[in-house]
Amino acid sequence: MIVKEKPKAFYDTFERKGAGQKVTHYCPGCGHGTAHKLIAELLVELDIQDRTIFLSPVGCSVFAYYYMDTGNIQCAHGRAPAVGTGIRRTHKDAILISYQGDGDLAAIGTAEIIHAANRGENMTVFFINNAIYGMTGGQMAPTTLEGQKTLTTPLGRSSGRDGNPIGMAELMNAIKAPVYIERVSLSTAGKVLKARKVFKKALENQIEKKGFSFVEVLSPCPINWKMDPVEARSWMQAQLEPIYPVKNFRDESLLPPPHDDTLPQMEEKEMKQLLSAGGAIPEGKNPAPDLEQRVKIAGFGGQGVLSAGVLLANYAIARGYQATWLPSYGPEMRGGKANASVIFSSRAIGSPVVAVPNVLIALNTPSLISFEPDVERGGLIMVNSTLISDKVKREDVDVLYIPASEMAKESGVMATANVIMLTIYLKYKGLADTEILKKILPLSVKRKDAVAVNLKMMEKALTYFEEELT
């Protein structure tokens, strides 16, 4: 007796469009439903449902997380193998299924799949090849056959104009690390049963930690091929399978596991030495309790905005605070907008994002206009008055107008205006320890030939503060 029931690795209902729904969103005759069922059955049969993480792509199968009763992550376009790599680093025993279509894997995610395969990541990739972009209406995909008509190749794909169809299984076979590579087809009932065996083999390889398994699945797309489901399966046998032969390309599963996923561990002291670029940042003790400074330093590229943030964060660490530094800059870099968010606190910092700064150091006019409204009531706004003629409109904040760029002219290095502003800020807040600042500055300035001039400008800022602001 044949019993037909939904695999238990599926949710009881598929509630993408509302409660109680029983059917998937796939078109009639689509191969995704068949592939999903095979995988779902095997998750139960292999008793791995509870430790499986299903990585959904962008494409027709983007909603797989509505169907698979497993861990689920909907990945950015083409990035499922990269997401799986990250998970593998922290969850050694998870079963990772990267389920991708031809647009997702063979076009947008080409880099991710190749490098995951080359690393031999212990994961199983199911690549659904239906020779077309399905979700977005049937455009040409990397796997579209020569002469095949699509939305974007209405006269048929031309190898001279569009390149040749890409055989992803063949491409994977050129890489040394994968342990298992096979192409299957869903064109007939017999081939579906064969595909089930291959799916199982690919999952068993992962369970046994043998490495990277890649299964290419030739799958029908009747709607976009403009055929009925029966015609689509006939077309697969007549046209698709001769170009993409169904066969095993590699099976090294019986060899000893070549994959060493042991990660080298670096001691905390070594890590800090590495991150400090050769100069260890001394760590202070006993910082002021209950202090949190959320500082936004903003200007244009070339003003030393980002390096000022590094200097401030390093100084905070040297004083014994927790500190974060988060840079932001436009694609044009030098001359474009740039800002750095720095938090230093006597408590653990949950996020490096500074949405509501209590200190704004504005080095140019656009920065003042952009960030003045965000400053916390009672906060501090420091204005580089050499370059900013506007006045702060807020009356609920402290304001310091500092001719930083004019002062920096003396040094011949206009970018030292950042050190001038930082020094005065720390003095104004009663946070300055000049001896520590002098020690930290050489460790934070990239150009070592600029250390002396920055130290000179720091002294000039201290003098300015004593003469003008006290």
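Use the structure listed above.
A short tour of the structure in this document, coming up. (Residues numbered from 1 in each chain as written. Predicted model: local features only at pLDDT ≥ 70, side-chain atom pairs only at ≥ 80, totals over all residues. Heavy atoms only, no water.)

1. Observations concerning the sheet that holds strand β8 (residues 292-300)
In spatial order, the strands read β9-β10-β8-β11-β12-β13; together these 6 strands make up an open sheet with mixed pairing. Both edges of this open sheet fall to β9 (322-329) and β13 (398-402), since each of them pairs with a single strand only. Looking at each pair of strands side by side, their axes are set apart by 15° on average, direction ignored. Across 8 bridges, the pairing between β9 and strand β10 (residues 337-345) is antiparallel. Bridging across to β10, tryptophan 325 finds its partner in valine 342. Sitting on the sheet, helix α14 (residues 417-428) touches β8, β10, β11 (359-362), β12 (380-384) and β13, and the angle it makes with β12 is about 150°. (Pairing = 2+ DSSP bridges. Helix = DSSP H or I, 4+ residues; strand = E, 2+ residues; numbered from the N terminus. Axes fitted to C-alpha atoms, helices over the stretch in contact; angles between N-to-C directions. Contact = heavy atoms within 4.5 Å.)

2. Quick look at the sheet that holds strand β3 (residues 95-101)
In spatial order, the strands read β2-β1-β3-β4-β6-β5-β7; together these 7 strands make up an open sheet with mixed pairing. The strands lining the two open edges of the sheet, one partner per strand, are β2 (71-74) and β7 (248-251). Put simply, the sheet's adjacent strands are angled 20° from each other on average, direction ignored. The pairing of strand β1 (residues 52-56) with β2 spans 4 bridges and is classified as parallel. For leucine 55, the partnering residue across the bridge sits in β2 and is isoleucine 73. The strands that helix α1 (residues 32-45) touches are β1, β3 and β4 (124-129); relative to β3, the one it contacts most, it runs at about 175°. Contacts from helix α9 (residues 229-243) reach β4, β5 (180-185) and β6 (213-218) within the one sheet, and its direction differs from that of β6 by about 135°.

3. Things to note about a negative patch on the surface
A cluster of like negative charges, contributed by Asp12, Asp47, Asp50 and Asp69, occupies part of the molecular surface. As for its position among the elements, aspartate 69 is in the loop between β1 and β2. Given a relative accessible area of 32%, aspartate 69 falls into the partly exposed group. (Patch = residues over 30% accessible without salt bridge, like charges linked within 9 Å, V, L, I, M, F, W, Y side chains within 5 Å. Areas by Shrake-Rupley, 256 points an atom, 1.4 Å probe, with all protein chains shown as cover. Salt bridge = Lys/Arg side-chain N within 4 Å of Asp/Glu carboxyl O. Lys, Arg positive; Asp, Glu negative; His and termini not counted. Charge placed at Lys NZ, Arg CZ, Asp CG, Glu CD. Buried < 20%, exposed > 50% of the residue type's maximum accessible area, 1.4 Å probe, protein only.)

4. So, the packing of α1 against helix α7 (residues 189-207)
The N-to-C vectors of α1 and α7 enclose an angle of 50°; their axes lie 10 Å apart at closest approach. Taken together, the axes of α1 and α7 lie oblique to each other. Crossing handedness for the pair α1 and α7: right-handed. Here Thr34, Ala35, Leu38, Ile39, Glu41, Leu42 and Glu45 of α1 lie close against α7, whose contacting residues are Val192, Ala195, Arg196, Phe199, Lys200 and Leu203. Split by residue class, the contact of α1 with α7 holds 8 nonpolar, 1 polar and 4 charged. (Parallel < 35°, antiparallel > 145°, perpendicular 65-115°, else oblique. Left-handed = near helix turned anticlockwise from the far one by under 90°. Nonpolar A, V, L, I, M, F, W, Y, C, P; charged D, E, K, R; others polar.)

5. Some details on α7
With 19 residues, α7 extends 27 Å between its outermost C-alpha atoms, agreeing within 8% with the 27 Å of an ideal straight helix rising 1.5 Å per residue. Restricting attention to buried positions, one finds in α7 the residues Val192, Ala195, Val198, Phe199, Ala202, Leu203, Asn205 and Gln206. Considered in projection along α7, the buried side chains sweep an arc of 150° and stay on one side of the axis. Opposite its buried face, α7 presents the exposed residues Ala189, Leu193 and Lys197, each directed more than 90 degrees away. Residues of α7 that are buried in the fold lie against α1, α2 (80-90), β3, β4, β5 and β6. Just downstream of α7, lysine 209 is the residue with a positive phi angle, here 55°. (Expected span 1.5 Å × (residues − 1). Arc of directions from axis to C-beta.)

6. Considering the layout of surface pockets
Here the second largest pocket defines a volume of roughly 690 Å³. Pro7, Gly33, Thr34, Lys37 and Glu41 are the residues nearest the centre of the second largest pocket, which is lined by 25 residues in total. For the lining of the second largest pocket, the secondary-structure elements that each account for two or more residues are α1 and α7. Top contributing element to the lining of the second largest pocket by residue count: α1, with 6 residues. The class makeup of the residues in the lining of the second largest pocket is 12 nonpolar, 5 polar and 8 charged. (1 Å grid on protein atoms, 1.4 Å probe; cavity = no way out; pocket = protein on both sides within 12 Å on 5 of 7 lines; lining within 4 Å. Points joined across faces, edges and corners; volume = space filled by probe spheres on them.)

7. Quick look at the nonpolar core
Leu312, Ile361, Met382, Ile402, Ile420, Ile424 and Tyr425 are the most contacted members of the largest nonpolar core, which has 47 residues in total. Setting aside its immediate chain neighbours within four residues, isoleucine 420 contacts Ile402, Ala404, Met407, Ala408, Met457 and Ala461. (Core = buried A, V, L, I, M, F, W, Y, C linked by side-chain atoms within 4.5 Å.)

8. Observations regarding α2
Those residues of α2 that sit buried are Ala80, Pro81, Gly84, Thr85, Ile87 and Arg88. Axial view of α2: buried residues confined to an arc of 170°, hence all on one face. Each element contacted by the buried residues of α2 is listed here: β1, β2, β3, α4 (110-119) and α7.

9. A word on the pattern of salt bridges
By the definition in use, this model includes 23 salt bridges. Across the salt bridge formed by glutamate 410 and lysine 460, the nearest N and O atoms sit 2.7 Å from each other. You can see glutamate 410 sitting in the loop between α13 (404-409) and α14 and its partner lysine 460 sitting in helix α16 (residues 451-468), a full 50 residues away along the chain. Where salt bridges share partners, they join Glu41, Glu45, Arg196 and Lys200 into one cluster.

10. Thoughts on the state of the cysteines
Counted by the stated rule, this structure contains 0 disulfides. Unpaired in terms of disulfides, cysteine 75 finds its nearest cysteine sulfur in cysteine 60, a separation of 16 Å. By relative accessible area, cysteine 75 is classed as buried at 2%. Cysteine 60 provides the cysteine sulfur closest to cysteine 221, a residue in no disulfide bond, and the two sulfurs are 6.1 Å apart. Assessed through its relative accessible area of 8%, cysteine 221 is described here as buried. (Disulfide = S-S within 2.5 Å.)

11. Quick look at the environment of valine 445
Within the fold, valine 445 resides in the loop between α15 (434-444) and α16. For the pair valine 445 and arginine 347, spaced 98 residues apart in the sequence, the C-alpha separation amounts to 27 Å. When sequence neighbours within four positions are dropped, the list of residues in contact with valine 445 reads Ala450, Val451 and Asn454.

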